[in-house]
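# Working through the structure, step by step
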Amino acid sequence: MTGMPAHEHVETYDTTLRDGSQQVGLQFTVADKLRVTRLLDDLGVDVIEGGWPGSNPKDAEYFARAAELPWRHATLAAFGATRRPGRGVDDDPNLNALLDSKAPIVTLVGKSWDLHVTEALRTTLDENLAMVADSVAHLVAAGRRATFDAEHFFDGHAADQAYALAVLQAAVDAGADTVVLCDTNGGSLPTGVARVVREVRGALPAGIRVGVHFHDDSACAVANSLVAVEAGARHVQGAANGYGERCGNADLFAIVAGLELKAGLQLLPADRLAALTTTAHAIAELANLPPDHRQPYVGAAAFATKAGLHASAIARRADAYSHVDPGRVGNKARVLVSELAGRSNVLAKAGELGLDLEADPALGARVLDRVKELEHRGYAFEVADASFELLARRESGSFQPPFTLEGYRVLVERKAEGSGEPRGGAPVGREGSGEPQGGAPDDRDGSDLSEATVRLVVDGERVLAVGEGVGPVHALDQALRRALAPRHPELKDVQLVDFKVRILDGRAGTRAVTRVLVTSADPDAEWTTVGVSDDIVTASWEALADGIHYGLLRATQPVRVA
Ligand SMILES: [Zn+2]
């Protein structure tokens, strides 16, 4: 790495748990927040902003429990506002809550745009300076490290540069060691950001760390962060996966990857960058938000291609087609299987899974024909890696199914709202594609308790089992597991984690069909399977059964889908 002196280290400051959780639909429990904290600490960010202890009891509880975590790298910060206009600091409940949080770093937000001082705070410009100075001095006197977030700084700087700088100076004079230029409404563009950061660097004493905090309303939050660091910022704030209100905060993961891989800076402890992808996905799970496949660096599609012409070349020389080596951020190159792609794509995908179809051209041709036929019927193997692998293994004759289906029957009982049927325990809790969800437990009204009976042949023996669940798919899943449990106890580690239903338009005059994608997981990996039928239960069964087949295959032999 570069020989950057320690005081030039770019401090990474994560605000997922405060600003990031303003995102619509994102709600962390205290337990979730503690788990996110541990993930970010393990990744090696420098500062984790845990919340606003003065704003709600949940955050106060978080700070009490966060103090007991085994911190490895990061320092905890608490966020709050400066004192109220015309009042003292000693009886300010917000400042008291910050002190009670015991967080070693306190981040105070204050106004730096004159318009907001007079219109929103309804006080004088001088009183605002005093509020900043008094509040920072109060916390520094109590032994805390003070960071000052200058709200709407870029707009304030444009409106009245001298006043915006005077606010920063007031914080510095009172003892803040870091002043953060916040683009609170997210409208700034990189050229202006670089200029303002340089001006602020020049105007403040050399030992003061200048930081930045961007929102993505102009789709420039990451770009603004990168140019700000180039212009001298040494503290950069962002949120995991770009979570945040409106268009989100700057994606801290893309900032870190960009600065480490492209600017030669070291932000995380050595070798931790490779944990970026798993950290991003784990936080998405805790946030209960589907990971964004197109997210730079860490998304499942970030290094994926279905360009058939290029597939075989990519398999040989991934570096010729990727902007960075995906392994550096813990991601991997993927070849997507698509009817558009043709033979080289299918062969490359099989090779990625450890199946050498090139050695057997007749088998390769059969697999390709089968993929084309199924994709024409509505199957999608682009994400359903596990179904593709099972298809190839079936065609090659190397797959011995651990069970075969004789038949199943599903009863759906719909009870009126308030009939009190117990709920819960369902394995799928994630928001689906917005289409009808046969098995999701979040059915909007009343109870929908289903019962499924499956008849299987397992190792030559007929097995019958009954399962109950919230919706027909959950019931089928339960029955299938019950039927297999005696012979396959390893299935207890395989969970159904996501279920998506899509109604496909009829093609070439045929009826509409339903495509179901099921994602299953064991402690080491996730895999996706697909089912298609004109009936949702049949499509779901197919995807479920493939998911279980694949889980059993993983348990008995090494397979490569992750
Ligand atoms: Zn913000």
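Everything below is about the structure printed above this text.
One structure accompanies this document, and this report is about it.

### A look at the overall build of the chain
Check the secondary structure of the chain and you find 17 helices and 16 strands. In the chain, which comprises 562 residues, the share counted as buried stands at 53%. At a minimum sequence separation of 6, the contacts of the chain that also span at least 24 residues come to 70%. Surface accessibility of the chain: about 24000 Å² in total, with carbon and sulfur atoms responsible for 50%.

### What about the coordination of the zinc ion?
Ideal coordination angles are 109.5 degrees for a metal with four donors arranged tetrahedrally and 90 or 180 degrees for a metal with six donors arranged octahedrally. Of the protein atoms, only D19 (OD), H213 (NE2) and H215 (NE2) coordinate the zinc ion, at distances of 1.9 to 2.2 Å. Counting along the primary sequence, the residues that act as donors to the zinc ion give the motif D-x193-H-x1-H. One end of the pair, D19, is in the loop between β1 (11-14) and α1 (30-43); the other, H213, is in strand β7 (residues 209-214), and 194 residues separate them in sequence.

### Focus: the pattern of salt bridges
Should the charged atoms of two oppositely charged side chains come close, the side chains can pair. Counted by the stated rule, this structure contains 28 salt bridges. For E461, the salt bridge identified is with R487, shortest N-O distance 2.9 Å. One end of the pair, E461, is in strand β13 (residues 461-470); the other, R487, is in the loop between α16 (472-484) and β14 (495-504), with 26 residues separating them in the sequence. Note on E461: relative accessible area 44%, which makes it partly exposed. By relative accessible area, which is 37% here, R487 ends up partly exposed. The network of salt bridges with common partners includes R366, R370, E373, R377 and E395.

### Points about helix α15 (residues 385-396)
In an α-helix, one turn spans 3.6 residues, which is why side chains three or four residues apart end up on the same side. Over its twelve residues, α15 extends 17 Å from the first C-alpha to the last, a length consistent with the 16 Å expected when each residue adds 1.5 Å. Along α15, nine of the twelve residues are buried, which leaves the element largely enclosed by surrounding structure. Among the residues making up α15, those that are buried are D385, A386, S387, F388, E389, L390, L391, A392 and R393. Here the buried face of α15 lies against β10 (334-335), α13 (343-352), α14 (361-376), β16 (525-533) and α17 (536-556). Looking one or two places after α15, you find G397, whose phi comes out positive at around 80 degrees.

What counts, and where the lines are drawn
Residues numbered from 1 in each chain as written. Predicted model: local features only at pLDDT ≥ 70, side-chain atom pairs only at ≥ 80, totals over all residues. Heavy atoms only, no water. Helix = DSSP H or I, 4+ residues; strand = E, 2+ residues; numbered from the N terminus. Buried < 20%, exposed > 50% of the residue type's maximum accessible area, 1.4 Å probe, protein only. Contact = heavy atoms within 4.5 Å. Areas by Shrake-Rupley, 256 points an atom, 1.4 Å probe, with all protein chains shown as cover. Donors = N, O, S within 2.8 Å, 3.2 Å for Na, K, Ca; no water. Salt bridge = Lys/Arg side-chain N within 4 Å of Asp/Glu carboxyl O. Expected span 1.5 Å × (residues − 1).

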